[in-house]
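# Residue-level structure breakdown
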Amino acid sequence: MYRQLIAAAALTAALTTALPAAAQSISPQDRAAGAQADPQLVKEFGGRYGGPQVALVERVGKRVAVQSGLSNAQGDFTITLLDSPVENAFAIPGGYVYVTRQLLALMNSEAELASVLGHEVGHVAARHSASRNRTAAIGSVLAGVVGAVAGNGAAGQLAGTVARGGAQLYTLRYGREQEYAADALGVRYITAAGYDPYAAADMLASLDAETGLQSAVAGRSGQQLPSWASTHPNGADRVRRAAQLAQQTGRPMLDPPPEDTRFLRALDGLAYDAKGSGKRVRVRTVKAGDTVDTFARQMAYDTLQRERFLTLNALDDDVRLTPGRLVKVVTKE
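Read on for an overview of the structure. These numbers were taken from a predicted model, which means no experiment stands behind them.

### Describing the packing of helix H8 (residues 176-192) against helix H10 (residues 235-248)
Put simply, H8 and H10 touch, their axes get as near as 10 Å, and they point 35° apart. Considering the relative orientation of H8 and H10, their crossing is right-handed. Taken together, the residues of H10 that come into contact with H8 (itself represented by Arg176, Glu179, Tyr180, Asp183, Ala184 and Val187) are Asp237, Arg238, Arg241, Leu245 and Ala246.

If you want it as structure tokens, here you go:
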């Protein structure tokens, strides 16, 4: 984890974030529009994932979503784990929330998953897509799909689906202040749901590290990797603000945070990268004598094995692995 960085960030000047008024409950119109858009969205993003992690994502997503004021009934929300190799998450009006398996693999705790889903629900609760110009009923709902939390390489894949004649999926950029507002709402929701509020900063730090890794991968391959990073506030700045928001809850920050062994074990076997690649996330137990390089050599890649392992597990470069802890590797089966 990056808790030392986060602790330092939380000590900077206090921040103020303008939050919207209380969320309006899900309207019949939003519910109908979301139900119409959902099948097309699911199709565009690889379909529904069918692994055992689905129940975990649904449970966490509904636990967080009911804190938004959109509805007090968990049954009013549809939480979907998408079978996509793109790191992404988004939500649309009507109670529909989505996260991809690739982004799930980057997480190291249930609280981090809650923070991603809470951020996306925050965009819907604040009606951030309502101010955008849209042209068609279903297009207007799909236009709200932004992947505000992540999106390394998502722009390229998304453009490809549109080019192949799928639904007219327009991408929009949320403004900087809208991103900050969704971050603040997300921290509020996960705190109310009983999760560690500092997990939002942890997750943003991991995404920042992943962005750097993908840039390195793109440089090695000689390709320019499409990214939505330029559409969002600076990674370090969002980490700082998220840490301050967590500090304002009054909850203490644990450094290091307790290992979420239940969550990590639940990720074992999760499909990774492109469909058909044969790659899966495997969770290993550190034994005496194991080092970062021990596990980096197990990563199913020809380049940047160490960097990929560290990023996947949110570890610092100089970390010493202690026997008994769990780590993730990507293997090819």
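### Regarding the sheet that holds strand S3 (residues 96-100)
Strand order across the open sheet formed by three strands is S1-S3-S2, with mixed pairing between neighbours. The outermost strands of the open sheet, each flanked by one partner alone, are strand S1 (78-82) and strand S2 (89-92). In this sheet, neighbouring strand axes are inclined to one another by 15° on average, regardless of whether the strands run parallel or antiparallel. Pairing of S2 with S3 involves four bridges; the strand directions are antiparallel. Note that in S3 the partner of Ile92 across the bridge is Tyr96. Along the sheet face, helix H2 (residues 28-44) touches S1, S2 and S3 and points at about 20° away from the line of S3. Running over the sheet, helix H5 (residues 110-125) touches S1, S2 and S3 and is turned about 35° from S2.

### Points about the pairing of S1
Most of S1 sits inside the fold, with four of its five residues counted as buried. Pairing of S1 with S3, which is carried by five bridges, proceeds in the parallel orientation. Across the sheet, residue Ile79 finds its bridge partner in S3, namely Val97.

### Focus: the pattern of salt bridges
Under the criterion given, the structure shown has 15 salt bridges. Across the salt bridge formed by Glu110 and Arg59, the nearest N and O atoms sit 3.0 Å from each other. Taken together, the residues span a long stretch of sequence, with Glu110 in helix H5 and Arg59 in helix H3 (residues 53-65) at a distance of 51 residues. By relative accessible area, Glu110 is classed as buried at 12%. Judged by its relative accessible area of 34%, Arg59 is partly exposed. Among the ionic pairs, Arg240 bridges to Asp237, the shortest N-O distance being 2.5 Å.

### A closer look at the environment of Arg59
It is 9.1 Å that separates the C-alpha atoms of Arg59 and Gln74, two residues lying 15 residues apart in sequence. Ignoring anything within four residues of it in the chain, the contact list for Arg59 reads Glu110 and Arg262.

### A closer look at the packing of H3 against H5
Contact geometry for H3 and H5: axes closest at 9 Å, N-to-C directions at 55°. Taken together, H3 and H5 sit at an angle that is classed as oblique. Judged by the twist between their axes, the crossing of H3 over H5 is right-handed. The segment H3 lies against H5, with Leu56, Val57, Arg59, Val60, Gly61, Arg63, Val64 and Ala65 engaging Glu110, Leu113, Ala114, Leu117, Gly118 and Val121. Considered class by class, the residues forming the contact of H3 with H5 number nine nonpolar, two polar and three charged.

Scoring rules and cut-offs
- Residues numbered from 1 in each chain as written.
- Predicted model: local features only at pLDDT ≥ 70, side-chain atom pairs only at ≥ 80, totals over all residues.
- Heavy atoms only, no water.
- Axes fitted to C-alpha atoms, helices over the stretch in contact; angles between N-to-C directions.
- Helix = DSSP H or I, 4+ residues; strand = E, 2+ residues; numbered from the N terminus.
- Left-handed = near helix turned anticlockwise from the far one by under 90°.
- Contact = heavy atoms within 4.5 Å.
- Pairing = 2+ DSSP bridges.
- Buried < 20%, exposed > 50% of the residue type's maximum accessible area, 1.4 Å probe, protein only.
- Salt bridge = Lys/Arg side-chain N within 4 Å of Asp/Glu carboxyl O.
- Parallel < 35°, antiparallel > 145°, perpendicular 65-115°, else oblique.
- Nonpolar A, V, L, I, M, F, W, Y, C, P; charged D, E, K, R; others polar.

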